[in-house]
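An overview of the molecular structure
Here's the letter readout for the chains.
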Amino acid sequence: MRVALFVTCVNDVLYPRTGIAVVRLLERLGVDVDFPAGQTCCGQPQYNTGYRHETEPLLRRTAEAFAGHEYVVTPSGSCAAMIREHYPRIGRKAEREGRGSGLADAARSLAPRVHELTEFLVDVLGVTDVGAYFPHTVTYHPSCHGLRGLGLGDRPRRLLAAVRGLRLVELPGAEECCGFGGTFAVKNPDVSTAMGTDKIASAAATGAEVLCGADNSCLAHLDGLLRRADVAPGTPHRPVPRPAPRTLHLAEILAATEEEGPLP
Amino acid sequence: MTGGTYLGMPAFPVAAREAVRDGVLRANLRRATHTIRDRRARAVAELADWDRLRAAGAAVKDHTLRHLDRYLLQLEEAVNAAGGTVHWAVDADEANRIVTEIVRATGEREVVKVKSMATQEIGLNEALEAAGIAAYETDLAELIVQLGHDRPSHILVPAIHRNRAEIRDIFRAEMGRWGRPAPDPLGDDPRELAEAARLHLREKFLHAKVAVSGANFMVAETGTMVVFESEGNGRMCLTLPETLISVVGIEKVVPTFRDLEIFLQTLPRSSTAERMNPYTTMWTGLGPSRGADGDGPSAFHLVLLDNGRTDTLADETGRQALRCIRCSACLNVCPVYERAGGHAYGSVYPGPIGAVLSPQLRGTDSDIDASLPFASTLCGACYEVCPVAIDIPEILVHLRERVAQGGPATRDGIRVRIRPAHGHAAERAAMRAARLLLDRPGALRAGERLLARARRLAPRRLPGPGRAWTDTRELPPVPAESFRDWWTRERGTGR
């Protein structure tokens, strides 16, 4: 089987290890991976901030980059949800408003071929035990767009539970948003920080060494809060118990094996 | 007893900052919303056909809204036939004028009120006060808000931001100024507080000749009004006074009596987590019971309120907000509401539904209304619990577009083009620049390499708008090599 990796702009620029982990994991499972070089960003930041027109060229670019690929796999629930849920809507609106001919068809063609990583593993490949080894205590935060947008359900937790050596502890209030929300994090920094500090406090209280997620943008927010000691001076946030967990993308855990160890 | 006003409210992020830093408020809200949230989840899980009830509720509302003109005329006819009088109010001023004139004509200087969002929306209490008429709220939480010279912060539990010690202090200080004083001594036990309110309000019920209410539903085929409440105060107001005035948004109509079957199940479970609503009062005009014994009011006035609803109905994406049955489930699950509190939304409609209703009913011109569509992480918890399946995140993004990019809207029945908001010029330029870069993979790669080379110079604190990130968060470390470059080095150019 052959898949195209949609690594996403955040992972390309800031978290290449996650992309490398996906390649290593899929190849270990016997899947050939392509990286179409025309891909950049799905346009979610523009769209969610209210700049739908700016999203249209990125929709076209993304659809063209992955034309002809039967399976497109991406390690981000929110980018997958952007393409699956919102691209068809953006395409329809653009055509009705007389801009971007063919955008609706391009969106409709791409949307069903895009799979978030855990969906692809569990539903398409039919595996939950990917042969990984990760001897640590892990708690999992399900990011909102994967959880409620795509309906990933317990797929990520089933994959984690099958990892040898891994002890999975439940995160209290797991389904509550971490407060990232794209540009929300800077437009409403006080509420965003309050939500994020509550989330990391819950994670730390589990005693887990690793706070795992499947969306690096949410993890960038949580990691940023965890590494800043003087969180929001003057605000009554719950203190974070130490030692605090470190954040890690699910793909990097699934890519680690006993023979090869974690990613270099 | 003037309530606060929403004029000149600061934008949401500014108002929310105060609430986030108020530890007592944070604790009150967290305790209250989590309790209701968990109870609602259990109550909804009991029904095997919840998803179908939800879809049916949405379908009934959509059908009614599509044929609203027809159903409103049918309703008017039915209410008139049952001895009521129907008034049409295009906006808040007209509705307030109509109600004030009706009360004046009775010669009364006091009215008792059933909890009503529509009368809060139009500022009726303030308008009546200006005309020398005192309006007494009789819902326990509304009474707390009114006595505390406060504003409601939740649709269903307007005093959710108050704890019982604060409520005791308000009762002790204020009750005596408006009627029967609070018992002395008064503790903060909920039973004691409820008894104080009961004694205070009983006098009002027995004296009042005029009552003002809203309605949760209006049945077009029969002209029946329906009020859901939990305390029995509504039943008192709706039956004891001689004149009853109901101010109701035009979107509250349903076609038939049978349609109530759906909402009688979904509304109580979604709002108070109850299987059955405690007090459901229904009346049809003056009704057959209005006989020789003089039961019930002898005059009934229905004021049908538009106040931006027809304009909202004209918007294909935004109109689904008019399905709302004011259950508050979206407030109780919203992580932003939980931290920001209801007052930050600058409207009687707080929380996720407020963030999509207020900028539609009032327009997006003011700072607060232009900021509300951005007061969400788009986490989708609100959509998930909504008993009439309003896709709130979809409307939020749609309204963000209206603010940031501009677009068509309807104002006072006229199709207009909204110009992009001034405050968004720099952001617009940044979004465009980002898009231009991202539309050129070569330029993106060059940018990534530049970033990698300068990675050791990365600052801990960013200037300008970036400060909002780095004030509380570290920036992600910049890797030595982008994924794109790793792939090229390891695998060649790809494809």
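About the thresholds
Residues numbered from 1 in each chain as written. Chains lettered and ligands numbered in written order. Predicted model: local features only at pLDDT ≥ 70, side-chain atom pairs only at ≥ 80, totals over all residues. Helix = DSSP H or I, 4+ residues; strand = E, 2+ residues; numbered from the N terminus. Buried ≥ 20, exposed ≤ 12 C-beta atoms within 10 Å, placed from the backbone. Contact = placed C-beta atoms within 7 Å. Rg over C-alpha atoms; globule rule 2.2 N^0.38 Å. Pairing = 2+ DSSP bridges. Axes fitted to C-alpha atoms, helices over the stretch in contact; angles between N-to-C directions. Domains from an automatic or database assignment. Nonpolar A, V, L, I, M, F, W, Y, C, P; charged D, E, K, R; others polar. Arc of directions from axis to C-beta. Parallel < 35°, antiparallel > 145°, perpendicular 65-115°, else oblique. Left-handed = near helix turned anticlockwise from the far one by under 90°. Expected span 1.5 Å × (residues − 1). pLDDT = per-residue confidence, 0-100. Core = buried A, V, L, I, M, F, W, Y, C linked by C-beta atoms within 7 Å.

1. Some points on the overall build of chain A
Scanning chain A from terminus to terminus reveals 13 helices and eight strands. Projected onto its principal axes, the C-alpha positions of chain A cover 55 × 45 × 30 Å. Relative to its 264 residues, chain A shows a buried fraction of 62%. A separation of at least 24 residues holds for 78% of the contacts in chain A among residues at least 6 apart in sequence.

2. Digging into the overall build of chain B
A count of helices and strands for chain B gives 23 helices and twelve strands. Taking 23 Å as the expected radius of gyration for a compact globule of 495 residues, we find that chain B reaches 26 Å, a close match to that expectation. Taken along the three principal axes of its C-alpha coordinates, chain B extends 95 × 55 × 45 Å. In chain B, 73% of the contacts between residues at least 6 apart in sequence involve partners at least 24 apart.

3. Looking at the sheet that holds strand β8 (residues 246-249) of chain A
Residue and element names in this part refer to chain A. The strand order across the open sheet built from four strands is β6-β5-β7-β8, with neighbouring strands paired in parallel fashion. The sheet terminates laterally at β6 (167-169) and β8, the two strands that pair on one side only. Pairs of neighbouring strands in the sheet enclose a mean axial angle of 35 degrees, with direction left out of account. In the sheet, strand β5 (residues 137-140) pairs with β6 via three bridges, with the strands oriented parallel.

4. Quick word on the pairing of strand β7 (residues 243-249) of chain B
Residues and elements named next belong to chain B. Taken across its seven residues, β7 has seven buried, putting it largely inside the fold. Side chains of β7 alternate between two faces, with Thr243, Ile245, Val247 and Gly249 and Leu244, Ser246 and Val248 buried alike. Here strand β4 (residues 210-213) pairs with β7 via four bridges, running parallel. Its bridge partner being in β7, Val212 is matched across the sheet by Ile245. As judged from the seven bridges shared by β7 and strand β10 (residues 299-305), these two strands associate in the parallel manner. Looking at the pairing, Ile245 lines up with His301 of β10.

5. A look at the domain arrangement of chain B
If you check the domain split of chain B, you get domain 1 (47-307) and domain 2 (440-491). The straight-line distance from the C-alpha centre of domain 1 of chain B to that of domain 2 of chain B is 57 Å.

6. Observations concerning the environment of Glu384 of chain B
Among the structural elements, Glu384 of chain B can be located in helix α18 (residues 381-385). Note: C-alpha distance between Glu384 of chain B and Val333 of chain B (51 residues apart in sequence) is 9.5 Å.

7. Considering the interface of chain A and chain B
Listed by partner, the interface residues are 59 residues for chain A and 52 residues for chain B. Of all the elements in the fold, those that place two or more residues in the side of chain A that touches chain B are α1 (9-13), α2 (16-28), α3 (44-49), α4 (52-65), α8 (144-150), α10 (184-187), α11 (189-205) and α12 (216-227) of chain A. Class assignment for the residues of the side of chain A that touches chain B results in 29 nonpolar, 18 polar and twelve charged.

8. What to know about the domain arrangement of chain A
Residue and element names in this part refer to chain A. Along its sequence, chain A is carved into domain 1 (2-124) and domain 2 (137-255). The interface of domain 1 with domain 2 comprises 27 residues on the first partner and 23 residues on the second. Going through the elements one at a time, α1, α2, α3, α5 (77-96) and α7 (117-124) are the ones with two or more residues in the side of domain 1 that touches domain 2. Tallying contributions element by element places α2 first for the side of domain 1 that touches domain 2, with six residues. When its residues are assigned to classes, the side of domain 1 that touches domain 2 shows 13 nonpolar, nine polar and five charged.

9. Re helix α6 (residues 103-110) of chain A
Residues and elements named next belong to chain A. Among the residues making up α6, those that are buried are Leu103, Ala104, Ala106, Ala107 and Leu110. Viewed end-on, α6 has its buried residues packed into an arc of 165 degrees, placing them on one side of the element. In the core, the buried residues of α6 are packed alongside α4, α5 and β4 (114-116).

10. Looking at the packing of α4 of chain A against α5 of chain A
All names here are of chain A. Two elements in contact, α4 and α5, have axes whose closest approach is 10 Å; the angle formed by their N-to-C orientations is 110 degrees. Considering the angle they form, α4 stands roughly perpendicular to α5. The element α4 and its partner α5 pack so that their crossing is left-handed. Of α5, the residues touching α4 (which contributes Arg52, Thr55, Glu56, Leu59 and Thr62) are Ile83, Tyr87, Ile90, Gly91, Lys93 and Ala94. For the contact of α4 with α5, a count of residues per class yields five nonpolar, three polar and three charged.

11. Focus: helix α10 (residues 190-207) of chain B
Residues and elements named next belong to chain B. With 18 residues, α10 should reach 26 Å at 1.5 Å per residue; the first-to-last C-alpha distance of 26 Å fits that figure. When we look at burial in α10, the residues that qualify are Leu193, Ala196, Ala197, His200, Leu201 and Lys204. The secondary structure elements touched by the buried residues of α10 are β2 (110-113), β3 (134-137), α8 (140-147), α9 (164-178) and α11 (233-239).

12. Some thoughts on the sheet that holds strand β3 (residues 72-74) of chain A
Sheet strands pair via backbone hydrogen bonds, and the direction of the pair is either parallel or antiparallel. Residues and elements named next belong to chain A. Pairing is parallel in the open sheet, where four strands are placed in the order β2-β1-β3-β4. The outermost strands of the open sheet, each flanked by one partner alone, are β2 (32-34) and β4. Averaged over all adjacent pairs, the angle separating strand axes in this sheet is 35 degrees, with direction ignored. Pairing of strand β1 (residues 2-5) with β2 involves three bridges; the strand directions are parallel.

13. Focus on the confidence of the model for chain B
All names here are of chain B. Here chain B shows a mean pLDDT of 94. Residues at 70 or above account for 96%. Here residues 1-5 scores under 50 on pLDDT; set against residues more than four positions off or in separate chains, the count is ten contacts. Predicted complex, confidence summary: ipTM 0.95, pTM 0.95.

14. With respect to the nonpolar core
Ranked by size, the top nonpolar core spans 223 residues in total, and within it Leu5 and Ile253 of chain A together with Ala211, Val247, Leu305, Cys330 and Ile392 of chain B carry the most contacts. Among the elements that take part in this core, α5 of chain A stands out by supplying eight residues, more than any other. Setting aside residues no more than four positions away along its own chain, Ile392 of chain B makes contact with Cys330, Pro352, Ile353, Val356, Cys382, Tyr383 and Cys386 of chain B.

15. Focus: unusual backbone geometry
Note: most residues except glycine have negative phi, and most peptide bonds are trans. All names here are of chain B. Asp184 connects to Pro185 through a cis peptide bond whose omega is 0 degrees. Looking at where Pro185 falls in the secondary structure, it is placed in the loop between α9 and α10. Unlike most non-glycine residues, Ala273 shows phi in positive territory, near 65 degrees. Position of Ala273 among the secondary structure elements: in the loop between α12 (260-271) and β9 (279-284).

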